[in-house]
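# Descriptive structure summary
Listed here are the chains, written in short residue letters.
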There are 2 protein chains.
Amino acid sequence: MITRQDCLALDAADPLAPQRNAFALPDGVIYLDGNSLGARPRAALQRAQDVIAAEWGNDLIRSWNTAGWYDLPQRLGTLIAPLIGAAADEVVVTDSTSVNLFKALAASLKMQADAPAHAARRIILTERDNFPSDIYMAEGLIGWLERGYELRLLDSWADLPAALEGDAGAQVAVVMLTHVNYRTGRMLDMKTITAQIHAAGALAIWDLAHSAGAVEVDLNGANADFAVGCTYKFLNGGPGAPAFIWVPQRHHAQFTQPLTGWWAHRQPFAMQPAFAPVAGIKRAMCGTQPVVALALIECGLAVFQDVTMAALRKKSLALSDLFLALLEQECAAHPLELITPRNHADRGSQVSVTHPHGYAVMQALIARGVIGDYREPQVMRFGFTPLYTGYDDVWQAVMVLKDILDRSDYQVDAKRTAVT
Amino acid sequence: MITRQDCLALDAADPLAPQRNAFALPDGVIYLDGNSLGARPRAALQRAQDVIAAEWGNDLIRSWNTAGWYDLPQRLGTLIAPLIGAAADEVVVTDSTSVNLFKALAASLKMQADAPAHAARRIILTERDNFPSDIYMAEGLIGWLERGYELRLLDSWADLPAALEGDAGAQVAVVMLTHVNYRTGRMLDMKTITAQIHAAGALAIWDLAHSAGAVEVDLNGANADFAVGCTYKFLNGGPGAPAFIWVPQRHHAQFTQPLTGWWAHRQPFAMQPAFAPVAGIKRAMCGTQPVVALALIECGLAVFQDVTMAALRKKSLALSDLFLALLEQECAAHPLELITPRNHADRGSQVSVTHPHGYAVMQALIARGVIGDYREPQVMRFGFTPLYTGYDDVWQAVMVLKDILDRSDYQVDAKRTAVT
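Okay, so let's go over this structure. The structure displayed is predicted, hence computed values, not measured ones.

What chain A contains, in helices and strands, is 15 helices and 15 strands. A compact globule built from 420 residues should have a C-alpha radius of gyration of about 22 Å, and chain A, at 22 Å, falls within 12% of that. For chain A, the residues scored as buried account for 64% of the 420 residues in total. Within chain A, residue pairs in contact and separated by at least 24 positions form 73% of the contacts whose partners lie at least 6 positions apart. Total accessible area computed for chain A in this model is approximately 13700 Å², and 52% of it derives from carbon and sulfur atoms. Taken together, the 34 basic and 43 acidic charged side chains of chain A have centroids lying 4 Å from each other.

The structure is reproduced here in structure tokens:
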């Protein structure tokens, strides 16, 4: 039997507890949606004032040089790199995750097309339960290529080894997977799967939207080919903040993508009428980026300087373990179904449970200050962000959930809003 | 003989003079670079605080609904629309100008390929002096299409009518032009040129980066096909703020582009594993956008609610006329060469002059608080932004320039920085 005292004792002994002070969280709220929008670092407000009043307002155009605006995409990349097992010059922050996936996918297809042994490969593999925008971007890209690529959706990532075998496997050009599934919170074994993909002669693209800053990631250790990810979830970079793209050094020279804007040019200010790609990671860029939004990302990343991903991961699992145990202890009478793996190696930093009235129950939770979110169909998501979530938060969240379920205190006809 | 008293009198009689109070400009600076980075609206600081502290910090994920984050790209579009002769539902703010040009160009090629009478057209026409990133994006796109498109660079826009004639003209699929040239400040006759392009069976894409908020634009009056533009120059939206794309209602149904992210989906939160485009302008979107940067754009656009583009244009021309007259009066002894048209109909909202030591002279100007900028080769650009630039500013700028030139007070070996 777990008691509230147990949870309070865990908080008192938590070496990461002081990190919560780096964030401005409202009173009366238990925020379990950092997997969708990370909380606001306290430093972000002052940083915005500095960028807007001093850099933009006073220094104006000169700030491209004097305030380092021009280097921000790469500077942020160097801060993200150690969180994902990348070298400092392999990451850049730019554009959206979807646009970056488009670049990585296009680059992969081009690399395969240019390799005589692989030039005939025409299949892009992913799983049906991948984040939909990733699927849409692949559809969008291959719809414009005339060589007849096919996007094949696996019913489950577990079908991947079979799909990579034999004649069918020899047709696969690239496999794109999301490391931690947005809906279920299931984590894939990046290293093993990447090796399977490479053994079949295909390239591996990983979407780290729900991994970066949430779980330990080792892109170079896994020998992955390309990765993209999000800064506004577990990296706490601000709503809709630009995304990142990772290109390993071994692919820099071959990396080409169709969005060849001036920021990817060798001499952007020489104003030459022909494109010539810059060396290195900047060739993954395209156009000018939103400086104020970029600057705020730096506040989110700064918090990670004081912690290790190993420590964060340890606490994240302890939080989600506690949540699972309390669900069983307190809510066993209700039709909640766990869709997140119990096995640590297979679990990201969120727990998802279904309920026949999942949307209505989540709205009731939010109304009482326990903020998770909902995803079709029937899925309630609870994200555990060890930088600012404590064990007693988990206790309280489950108690509110129990009360709502015990009293059926939710509106089953709740009107759906666009985003929850 | 123009005197300073004349300039002060013009300021005193200027109906737009009060608008300067809407902007926070540093003391001791004459800012003539709003064509590169617009000045900071005073309201932007408070707005950033509200978005960061209240909307992000306190309301967290709920702000996608409660603070209208989800609708920002379209809401900003409705504010830009009247400035460019567009209907309210034809503009959306998203991504960068380069990425939006890619979408417009891809959509144009697809529309032509789908039209039996035009399907064989394979030429994209632009001018060599177009903004380089536009050229690079066209290169990037057609490099990935296998139907053998050709990007043809005209030595001058004046060669366009000839290039649209006869057999060669019948091969032109699309013409992409920038309305006001970034380097020279030359403005094209959008209506006449669009009619020429249409008469040849081609589509017309306009880049409004140096037009929107600077000159009167009537996209629908010109019957243009697509347009893209920038919010961080004359619209004062903040450094690197997201760009806009215009798709006229008559093309909405046929508009398809390869960057089919979830924000362009009919039901983005239904999480379906197949793309289905939304109706209307949102199909020009792709991924999630940087909310803080978007919110600041609204502050820049708010200032335009109190003025008319006709009044702004009148003052803009009066300012650049004054600058030209004072250059002749005060600096005639120096090797300055005007590369901006004198004719009002051909002039945007900047004046560009070359000088053999243009870079060094511009650095000297900036060091003395007169901020213009430099573009290769030898070009000094002076932007006139009637919302916050006065006639006496022009007087003082020319006096400083005269003094620098008279005394050769510039460093010809000045080290070049990345961006000026």
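Structure's up, so let's keep going.
Below, the discussion takes up the environment of Lys282 of chain A. Structurally, Lys282 of chain A can be placed in the loop between helix H11 (249–252) and helix H12 (291–303). For the pair Lys282 of chain A and Ala264 of chain A, spaced 18 residues apart in sequence, the C-alpha separation works out to 5.5 Å.

On to the nonpolar core, then. If you look at the biggest cluster of nonpolar residues, it comprises 313 residues, and the most contacted ones within it are Ile84, Trp206 and Leu365 of chain A together with Ile84, Trp206 and Leu365 of chain B. Apart from residues lying up to four places away in sequence, Ile84 of chain B is in contact with Val91, Leu208, Ala212, Val217, Asp218, Leu219 and Phe244 of chain B.

Scanning the entire structure with this criterion turns up 29 aromatic pairs over all chains. Ring geometry for Phe323 of chain A and Phe384 of chain A: centres 5.1 Å apart, planes at 55°, overall tilted. With Phe323 of chain A in helix H13 (residues 309–331) and Phe384 of chain A in the loop between strand S15 (379–383) and helix H15 (391–406), this pair connects stretches of sequence that are 61 residues apart. Considered together, Phe323 of chain A and Phe384 of chain A belong to a single accessibility category, that of buried residues. Each ring, one from Tyr70 of chain B and one from Trp263 of chain B, has its centre 4.9 Å from the other, and the planes form 40°; the classification is tilted. Here the residue Tyr70 of chain B occupies a position in the loop between helix H3 (63–66) and helix H4 (72–80), and Trp263 of chain B occupies one in the loop between helix H11 (249–252) and helix H12 (291–302), the gap between them amounting to 193 residues. The burial state of Tyr70 of chain B is the same as that of Trp263 of chain B; both residues are buried. Aromatic ring contacts, followed pair by pair, group Trp64, Trp69, Tyr70, Trp262, Trp263 and Phe269 of chain A together with Phe131 and Tyr182 of chain B into a single cluster. One residue, Arg122 of chain A, lies across the ring of Tyr149 of chain A, its end atom 5.2 Å from the ring centre.

Time to look at the pairing of strand S8 (residues 203–207) of chain B. The two faces of the sheet receive side chains in turn, since in a regular strand these alternate between them. All names here are of chain B. Within S8, 5 of the 5 residues are buried, leaving the element largely enclosed by the surrounding structure. Side chains of S8 alternate between two faces, with Leu203, Ile205 and Asp207 and Ala204 and Trp206 buried alike. Pairing between strand S7 (residues 172–178) and S8: 5 bridges, direction parallel. Bridged to Val175 within S8 is Ala204. In this view, the connection linking S7 to its parallel neighbour S8 by way of helix H9 (residues 190–199) has right-handed handedness. Pairing analysis gives 3 bridges linking S8 to strand S9 (residues 226–229), with the strands arranged parallel.

What follows covers the side chain of Asp392 of chain B. Residue and element names in this part refer to chain B. Among the secondary structure elements, Asp392 is positioned in helix H15 (residues 391–406). A polar contact is formed between the side chain of Asp392 and the side chain of Arg4, at a distance of 2.8 Å. Excluding residues within four positions of it along the chain, Asp392 makes contact with Arg4, Cys7, Leu8 and Asp11.

Here the focus is the sheet that holds strand S14 (residues 373–375) of chain A. Residues and elements named next belong to chain A. Strand order in the open sheet formed by 4 strands is S11-S12-S15-S14, and the pairing between neighbours is antiparallel. Either end of the sheet is taken by a strand with one partner, and the two such strands are strand S11 (337–338) and S14. With 3 bridges connecting them, S14 and S15 associate as antiparallel partners. Residue pairing for S15: Arg375 is matched across the bridge by Val379. Here H13 sits on the sheet and contacts S11, strand S12 (350–354) and S15; the angle it forms with S12, its principal contact strand, is near 25°. Contacts from helix H14 (residues 358–367) reach S14 and S15 within the one sheet, and its direction differs from that of S15 by about 40°.

About the criteria used
- Residues numbered from 1 in each chain as written.
- Chains lettered and ligands numbered in written order.
- Predicted model: local features only at pLDDT ≥ 70, side-chain atom pairs only at ≥ 80, totals over all residues.
- Heavy atoms only, no water.
- Helix = DSSP H or I, 4+ residues; strand = E, 2+ residues; numbered from the N terminus.
- Rg over C-alpha atoms; globule rule 2.2 N^0.38 Å.
- Buried < 20%, exposed > 50% of the residue type's maximum accessible area, 1.4 Å probe, protein only.
- Contact = heavy atoms within 4.5 Å.
- Areas by Shrake-Rupley, 256 points an atom, 1.4 Å probe, with all protein chains shown as cover.
- Lys, Arg positive; Asp, Glu negative; His and termini not counted.
- Charge placed at Lys NZ, Arg CZ, Asp CG, Glu CD.
- Core = buried A, V, L, I, M, F, W, Y, C linked by side-chain atoms within 4.5 Å.
- Phe/Tyr/Trp six-rings, centres within 6.5 Å; stacked < 30°, edge-to-face > 60°.
- Lys NZ or Arg CZ within 6 Å of the ring centre and 35° of its normal.
- Pairing = 2+ DSSP bridges.
- Right-handed = clockwise from strand over helix to strand, strands pointing away.
- Polar contact = N/O pair within 3.5 Å; in protein donor to acceptor, adjacent residues only side chain to side chain.
- Axes fitted to C-alpha atoms, helices over the stretch in contact; angles between N-to-C directions.

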